[in-house]
Number of protein chains: 2
Amino acid sequence: MGELHTETGGHLPDVRLAYETWGTLDADGANAVLVLHALTGDAHVASHRADPSAGWWEELVGPGRAVDTDRWFVVAPNMLGGCDGSTGPSSPAPDGAPWGSRFPFVTLRDAVETERRLAEHLGVTAWQAVIGGSMGGARALEWAVTHPEMVRGVAVLASTACSSAEQIAWAQAQTQAVRLDPDWAGGDYHPGPGPVVGLGIARRIAHTTYRSAAELEGRFGRAAQGAENPFGTVAGPRAGRYQVESYLDHQAAKLVDRFDAGSYVTLTEALMSHDVGRGRGGVEAALAGYPGRAFVAAVDSDRLYFPAESERLARLLPGEVPVHTIASPIGHDGFLTEYAQVAEELKAALEL
Amino acid sequence: MGELHTETGGHLPDVRLAYETWGTLDADGANAVLVLHALTGDAHVASHRADPSAGWWEELVGPGRAVDTDRWFVVAPNMLGGCDGSTGPSSPAPDGAPWGSRFPFVTLRDAVETERRLAEHLGVTAWQAVIGGSMGGARALEWAVTHPEMVRGVAVLASTACSSAEQIAWAQAQTQAVRLDPDWAGGDYHPGPGPVVGLGIARRIAHTTYRSAAELEGRFGRAAQGAENPFGTVAGPRAGRYQVESYLDHQAAKLVDRFDAGSYVTLTEALMSHDVGRGRGGVEAALAGYPGRAFVAAVDSDRLYFPAESERLARLLPGEVPVHTIASPIGHDGFLTEYAQVAEELKAALEL
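- Within an unreviewed UniProt entry, the label attached to chain A reads Homoserine O-acetyltransferase, and the organism entered is Micrococcus flavus.
- Turning to chain A, the UniProt record has this under Sequence similarities (unreviewed entry): "Belongs to the AB hydrolase superfamily. MetX family."
- Heading Catalytic activity (unreviewed entry) of the UniProt record for chain A holds this comment: "L-homoserine + acetyl-CoA = O-acetyl-L-homoserine + CoA".

## Description of the sheet that holds strand β3 (residues 19–22) of chain B
All names here are of chain B.
Stage number 1. In spatial order, the strands read β3-β7-β4-β8-β9-β10-β11; together these seven strands make up an open sheet with mixed pairing. Strand pairing shows two members of the sheet lacking a second neighbour, β3 and β11 (323–326), which therefore form its edges. The sheet shows a mean angle of 15° between the axes of neighbouring strands, direction not considered.
Stage number 2. Across the sheet, helix α2 (residues 135–146) is in contact with β4 (32–36), β7 (73–77), β8 (127–133) and β9 (153–157); its angle to β8 comes to roughly 145°.

## Details of the side chain of A:Thr87
Stage number 1. Along the chain, the position of A:Thr87 falls in the loop between β7 (73–77) and α1 (108–122).
Stage number 2. When neighbours within four sequence positions are excluded, A:Thr87 is seen to be in contact with A:Asp14, A:Val15, A:Arg16, A:Leu80, A:Gly81, A:Gly82, A:Trp99 and A:Phe103.

## Topic: the domain arrangement of chain A
All names here are of chain A.
Stage number 1. Split by domain assignment, chain A resolves into domain 1 (2–163 + 275–349) and domain 2 (168–268).
Stage number 2. A straight line from the C-alpha centre of domain 1 to that of domain 2 covers 27 Å.
Stage number 3. Between domain 1 and domain 2, the contact holds 26 residues from the first and 27 residues from the second.
Stage number 4. Counting the surface domain 1 buries against domain 2, the share from its top three residues, Leu39, Thr40 and Arg303, is 30%.
Stage number 5. The interface formed by domain 1 and domain 2 contains one salt bridge.
Stage number 6. The salt bridge involving Arg211 is made with Asp333; its shortest N-O contact spans 2.8 Å.
Stage number 7. Where domain 1 packs against domain 2, one counts eleven residue pairs in polar contact (both at pLDDT 80 or more).
Stage number 8. Looking at the side of domain 1 that touches domain 2, its residues break down into 13 nonpolar, eleven polar and two charged.

## Some details on the pattern of salt bridges
Here the idea is simple: oppositely charged side chains can pair when their charged atoms come close.
Stage number 1. Across all of its chains, the model carries 40 salt bridges over all chains by this definition.
Stage number 2. In this structure, the salt-bridge partner of A:Arg116 is A:Glu113, at a minimum N-O distance of 3.0 Å. With A:Arg116 and A:Glu113 both in helix α1, this residue pair falls three residues apart, about one helical turn.
Stage number 3. Across the salt bridge formed by B:Arg303 and A:Glu166, the nearest N and O atoms sit 2.6 Å from each other.

## Quick notes on the interface of chain B and chain A
Stage number 1. Counting residues at the interface gives 57 residues for chain B and 57 residues for chain A.
Stage number 2. Overall, the association of chain B and chain A removes approximately 4,500 Å² of surface from exposure, summing both partners, and the carbon and sulfur fraction of that is 65%.
Stage number 3. Counting across the interface, chain B meets chain A through four salt bridges.
Stage number 4. Scanning the region where chain B abuts chain A turns up 21 residue pairs in polar contact (both at pLDDT 80 or more).

## Points about the UniProt feature "binding site: substrate" (unreviewed entry) in chain A
Residue and element names in this part refer to chain A.
Stage number 1. Per the UniProt record, "binding site: substrate" (unreviewed entry) is annotated on Arg203 and Asp333. The named residues occupy 131 residues along the chain; their greatest pairwise C-alpha distance, 13.6 Å, places them in one compact cluster.
Stage number 2. Topologically, Arg203 is positioned in helix α4 (residues 196–210).
Stage number 3. Leaving out residues up to four positions away in the same chain, Arg203 has contacts with Thr40, Tyr210, Gln251, Ala252, Leu255, Arg258 and Tyr264.
Stage number 4. Structurally, the position occupied by Asp333 is in the loop between β11 (323–326) and α10 (334–337).
Stage number 5. Aside from chain neighbours lying at most four places away, what touches Asp333 is His207, Tyr210 and Arg211.

The rules we used
- Residues numbered from 1 in each chain as written.
- Chains lettered and ligands numbered in written order.
- Predicted model: local features only at pLDDT ≥ 70, side-chain atom pairs only at ≥ 80, totals over all residues.
- Heavy atoms only, no water.
- UniProt positions renumbered as here; feature names shortened; annotations may be inferred.
- Pairing = 2+ DSSP bridges.
- Helix = DSSP H or I, 4+ residues; strand = E, 2+ residues; numbered from the N terminus.
- Axes fitted to C-alpha atoms, helices over the stretch in contact; angles between N-to-C directions.
- Contact = heavy atoms within 4.5 Å.
- Domains from an automatic or database assignment.
- Buried area = accessible area lost by both parts, 1.4 Å probe.
- Salt bridge = Lys/Arg side-chain N within 4 Å of Asp/Glu carboxyl O.
- Polar contact = N/O pair within 3.5 Å; in protein donor to acceptor, adjacent residues only side chain to side chain.
- Nonpolar A, V, L, I, M, F, W, Y, C, P; charged D, E, K, R; others polar.

As structure tokens, then:
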């Protein structure tokens, strides 16, 4: 899609955005829905003919589902800075070498700009709904505030109008862990596995914030992993693990396998920058100007995106916006696993 | 104090335990109180003639205070494995080189055994009270269950009968961050600054769990630190920080300055091992056998040692043990800063 001048002064001479679509766009280009992924998500929201594997919101998007692809043209891009086809730190720069440390700082607004161009490219004139959870919800809200004329409805699940001190604190520890790994090499490790240990630690931190303490306790308690001994050997440090450690090791390994560390840092810092009120007189003023429909949902046990933050968001949006509660004991990840609880309400609120 | 065979089969040929005392021991050796520090605490609970600097529970221990040093002989040891005078990874092994990676795995029970010998050495025949918060509370409970005949009363603030999945999860990320630092050198970095970046990350993680999200939000929100720009430079990653990052940087720097990384890992893994029920038929059976007085307190906003865990502990202790609530918006650290709220109840419950 050509060059992009980023919000903070960076420059990408030629941006590529990967995306998937479902359904057919009408002649007026207005039967469209945009679905935005969370931090380590991707464009594969749901299965389709070209890729029949289940997507991360499989039950939400498809024929006859809440976002009915027989009626709506659904678009899901991989975010700018990501590693699933869109331009990111692992992509080649004009000199042919990976961007690595030269990849500019990007914000959620930069991502919205690339997605606006995608809409133009596809012939989409308006979004009936822009939908996302977690970082996807943050991006959806940026869309609504940046292009209110294009966004007829916005759905923000388990997300906020701006990143909190808590979210920034956890993000800092994660990006520092990645950068501490000698294989980070200042961000210029591509190609190659890169800082897999550091990225794994970041994922363990993140994953713990995505789940509830009660869920971890109920599933694992302080049990040892199989026959492993989480205590010390006869002399020296321990070699075995507790079950909860094994679980987090598994989560780390899965992410490291599928995600680029440079993209992880880039997107994490983009999320730290999230503030729909930036340069707009604050969050209240920014949200007050959005004329479209809004749907807000929170997971009751979420300890990263607190329900109280969703309440605040709903209060600041014009009109009476209720907060729909996803009841789940597992925490933040409930927006990915239990969204069916609010699918019908979402459909009704956004007139889908 | 000579050699120690550790619970899990390790061997230390000559253990040294640093401690401080206040007041005078009676002829029968039974007017004694033991105060046990938290993870990165030390023996300096309160000021005294030899060291007039304020201690970490200054208002609790002293002439006329809840733990009245005109009446009680107060002892505070630095935990085995620590770095404040007691034998730990930074101490010299018999060959004169630091223990480093050769330092054996230790448990809270090993610490109790060294403290039992200290009591013997000092002529203490019984503790009127063993008092601690966080890891100190875990150690106090181990004391009560291991030597009920010596412990007339136990005070457990913001702590639990066994470490939870949540606590183990956060501990894992911390020890991994330390070990990822190339300056960890497998644990054999002594002397020298060692893995200061990794230890700093561990402290940031720990400190975030010690405070409440609401406190971080109220103090820092998402403000930038002074004139720093937490967004990216014109091209490339960001250089500036958010206020909450600067705050965590400061907490990290303070700890790195005063604490050995090897001790941090050793004590963290000792705390992960905490389970008063281990080898005793479980927590319930272990606690049911303690005949002494008990005092339990929790910080209402604690998100690392949940008040519900204190409730469970109190329920499992014999007799009617209430949970005293420390009301504080700051989280776990409230046991260090707001203990005065429960000092009189502690004094009454333990007949001090």
